[in-house]
Amino acid sequence: TDRQPLLRADDLTMTFGGITAVKDFSFHIEPGEIVGLIGPNGAGKTTCFNMLTGFYAPSNGRVRFKGQDITNRKPHAIARLGLVRSFQKTNVMKRLTVFENVLTGHYMASRQSLLATFFPGEAVRRAEREARESAAAIVETMGLAQRMNAPAHLLSCGELRLLEVAVALAAKPSLLMLDEPAAGLNSHEAGTFGAVLKTLIGRSIDALLIVEHNMDLVMSVSDRIVVLNFGRKLAEGRPAEIIENRQVAEAYLGKA
Ligand code: ATP
């Protein structure tokens with residue numbers, strides 16, 4: 001069959017002046033998949049995120065999402081198509097509650113809120129109600145129901161990382177891309193976090209791409225791992241294959 005992947009990147013290349021951050025990088029994501037993108041510091045992972053989501057115009061290569069060529073489209077247009085990414089910087093506002101943060105994420109991603117302010121008609125009131133129901137459902141999906149009305153500054157580190165994902169989910173992604181979402185979590189918190197991520201596939205999102213330095217987490221949640229080293233694809237395979245891969249081990253030890 002000619003079923004096409006959800007996302008497909010071909011020959012992505014990014015040069016900054018004389019520095020080649022990513023070179024001829026091709027990969028794809030199928031619906032239903034969790035793909036882990038790993039590699040040593042400076043390997044080009046964040047640069048890839050930026051090319052896939054319109055923050056950088058690639059020096060060469062193409063990106064296709066849901067069969068459409070999205071290379072060189074604007075970030076907001078790509079997000080509206082359903083390719084939503086997180087940043088290493090937090091998207092949580094500490095003084096707002098968990099629920100308010102997710103609702104705000106919804107408003108940031110939609111254009112209905114301004115309308116609601118100026119034209120509070122019946123259709124707008126219904127949209128408002130639906131936004132609140134959707135935000136509450138996302139909070140529950142992320143396992144934060146008991147913290148719904150807690151101000152974000154009172155959350156534990158583990159709860160805060162879950163809330164960051166919840167805010168991203170409020171934009172209604174088809175493909176969610178998370179950049180180091182488990183930073184600072186201990187192994188117990190990371191375990192909880194990974195378990196919640198897995199429940200999202202097929203329910204809240206179609207697929208997940210995760211950049212993560214916590215190897216236990218990325219190996220346990222991913223169906224497939226793609227390894228970048230010096231801007232090039234070094235290896236690709238199931239977690240068990242990547243763990244066994246000698247070149248990958250050497251890259252992490254700085255001997256590649
Ligand atoms: P980390 O795991 O540390 O976040 P990374 O794999 O995300 O690293 P990138 O941040 O993509 O790696 O960086 C890849 C290379 O490109 C590095 O050598 C970096 O210095 C360089 N680079 C990234 N962004 C820019 C930029 N805007 N201008 C110049 N060089 C850049």
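Before reading further, recall that the structure is shown in the block above.
Residues numbered from 1 in each chain as written. Predicted model: local features only at pLDDT ≥ 70, side-chain atom pairs only at ≥ 80, totals over all residues. Heavy atoms only, no water.

Draft legend 1. Here's a closer look at the environment of Arg238. Here Arg238 is to be found in the loop between β10 (232–237) and α9 (239–244). Remark: the alpha-carbon pair of Arg238 and Gly36, spanning 202 residues in sequence, is separated by 9.8 Å. (Helix = DSSP H or I, 4+ residues; strand = E, 2+ residues; numbered from the N terminus.)

Draft legend 2. Just a nonpolar patch on the surface, in detail. Together, Phe16, Ile19, Phe55, Tyr56 and Phe87 make up an exposed nonpolar region whose accessible area comes to about 470 Å². For Phe55, the location among the structural elements is in the loop between α1 (45–52) and β4 (60–65). (Patch = residues over 30% accessible without salt bridge, like charges linked within 9 Å, V, L, I, M, F, W, Y side chains within 5 Å. Areas by Shrake-Rupley, 256 points an atom, 1.4 Å probe, with all protein chains shown as cover. Salt bridge = Lys/Arg side-chain N within 4 Å of Asp/Glu carboxyl O.)

Draft legend 3. Region of the structure containing the pattern of salt bridges. Tallied over the full model, the rule gives 8 salt bridges. In this structure, the salt-bridge partner of Glu33 is Arg224, at a minimum N-O distance of 2.8 Å. Of the two residues, Glu33 is situated in the loop between β2 (19–29) and β3 (34–38) and Arg224 in strand β9 (residues 224–229); the sequence distance between them amounts to 191 residues. An identical accessibility class is assigned to Glu33 and Arg224; each is buried. The shortest N-O distance in the salt bridge between Arg125 and Glu122 comes to 3.8 Å. Here Arg125 pairs with Glu122, and both are found in helix α5 (residues 122–141), just 3 residues apart, close to one helical turn. With a relative accessible area of 45%, Arg125 lands in the partly exposed category. Taking relative accessible area as the criterion, Glu122 reaches 46% and is therefore assigned partly exposed. Through salt bridges with shared partners, a single ionic network connects Glu33, Arg224, Lys233 and Glu236. (Buried < 20%, exposed > 50% of the residue type's maximum accessible area, 1.4 Å probe, protein only.)

Draft legend 4. Spatial organisation of helix α6 (residues 157–169). Taking 1.5 Å of rise per residue, 13 residues should cover 18 Å, and α6 covers 19 Å from first to last C-alpha, within 8% of that figure. Counting buried positions over the 13 residues of α6 gives 12, a clear majority of the element. Within α6, burial applies to Gly158, Glu159, Leu160, Arg161, Leu162, Leu163, Glu164, Val165, Ala166, Val167, Ala168 and Leu169. Taken together, the buried residues of α6 touch β6 (83–85), α3 (98–109), α5, β7 (175–179) and α7 (187–200). (Expected span 1.5 Å × (residues − 1). Contact = heavy atoms within 4.5 Å.)

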